[in-house]
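Chain residues, written in single-letter form:
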Amino acid sequence: SNLLNYFGKSKKVDEVEMVPILLQKGNSKVAIYGLGNIRDERLHRTFKANKVRWHRPAEDRDDWYNIFVIHQNRYRRTLKQKNYIKESMLPSFLDLVLWGHEHECLIKPVASETNDFYIIQPGSTVATSLSAGEAVLKSTGILEIRGNKHRMTSFPLKSVRPFFMNDIRLGDHLNDYNPKMEDIENLLANKVINIMEECKKLTKSSLLPLVRLRVDHTGFPRINTARFGQRFVGQVANPEDLLLFQKEKKKRTSNKNNNNKLNQ
């Protein structure tokens, strides 16, 4: 229906040409660069090989406010991962980067740690997984530009199912390492009830909330999560997976340190 425009499609994946859309209103000039999705590993190599060419306006290039729209991985999840784009790979003449793909909503402009531009990460409009990044309030915004300055006004999305996440460490609340299962269930139930009360204060949504409680049960037994969830049927949207049990990770000592101890 001609309501969407796809711009920034690259004809080559190993040599990318970045040509901006130029808009002007009054004294404000805006150059919008777009990069259509390219396989993350390949795009990472293309940036590292300096094969991404940025075309700038021929006249008064310093008068333009430059926006870059990208939809790729922003962060490294593992040490060996190369399927993401570093902020340092982007040119310094950019003023603002609109970063898609990442789901955490960071609608407020944040200054880059490695460059001179600002970054807005709109995030996903709905929670697609029960992870910490999805628990941030979902928002949209109106971006205003005048000259070389910008202003973002955010608006919380009212139609999104609210999602709240919290953590609890059983060792901080239970001194007895052989407690009754009923005591553990009641402790966690009270924590979930507190999360739900907080949800009611912060959102006016009529939808049942998603709630996730991460439980560090180091030294304590796990309870039956399915039975526990039955307490909250009709009160939360995910009674079957309210709880996520985890154990504290032990610090590994290197072989070298172990050998030194043996030698001593």
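Within each chain, residues carry numbers counting from 1 in the order of the written sequence. This being a predicted model, a pLDDT of at least 70 is required before a residue's local features are given, and a value of 80 or more before pairs of side-chain atoms are given or counted; all residues contribute to the totals for chains, interfaces and linings. Side-chain numbers come from the whole structure's heavy atoms, not from hydrogens or water.

1. Side note on the sheet that holds strand β11 (residues 163–169)
Where strands meet in a sheet, backbone hydrogen bonds hold them as pairs that are either parallel or antiparallel. Our working definition: For two strands to count as paired, DSSP must find a minimum of two bridges between them. The way it works is that DSSP assigns letters per residue, a run of H or I at least four long becomes a helix, a run of E at least two long becomes a strand, and they are numbered from the N terminus. Note on geometry: axes are C-alpha line fits, over the in-contact stretch for helices, and angles between N-to-C directions span 0 to 180 degrees. Only heavy atoms enter the contact rule, under which two residues are in contact if any of them lie within 4.5 Å.
The 3 strands lie next to each other as β11-β12-β13, forming an open sheet whose pairing is parallel. Each having just a single partner strand, β11 and β13 (243–246) make up the two edges of the open sheet. Across the sheet, the mean angle from the axis of one strand to that of its neighbour is 20°, orientation sign disregarded. Pairing analysis gives 7 bridges linking β11 to strand β12 (residues 210–216), with the strands arranged parallel. Its bridge partner lying in β12, Asn-166 is registered against Leu-213. Packing against the sheet, helix α2 (residues 181–202) makes contact with β11, β12 and β13, and its axis sits at approximately 145° to β11.

2. Comments concerning the environment of Thr-225
Test applied: Each residue is assigned to one of three classes by its accessible area relative to the maximum for its type, calculated with a 1.4 Å probe on protein chains only: buried under 20%, partly exposed between the two thresholds, exposed over 50%.
For Thr-225, the location among the structural elements is in helix α3 (residues 225–229). Judged by relative accessible area, Thr-225 falls into the partly exposed class, the value being 25%. Considering only alpha carbons, one finds Thr-225 and Leu-244, 19 residues apart in sequence, at a separation of 8.7 Å. If near-sequence neighbours (up to four positions away) are discounted, Thr-225 is found in contact with Pro-239, Leu-243 and Phe-245.

3. Structural notes on unusual backbone geometry
Although it is not a glycine, Asn-50 adopts a positive phi angle of roughly 55°. Tracing the chain through its elements places Asn-50 in the loop between α1 (40–48) and β4 (52–54). In this structure Asn-50 comes out as exposed when scored by relative accessible area, which is 68%. For Asp-60, which is not a glycine, the phi torsion comes out positive at approximately 50°. For Asp-60, the position within the fold is in the loop between β4 and β5 (65–71).

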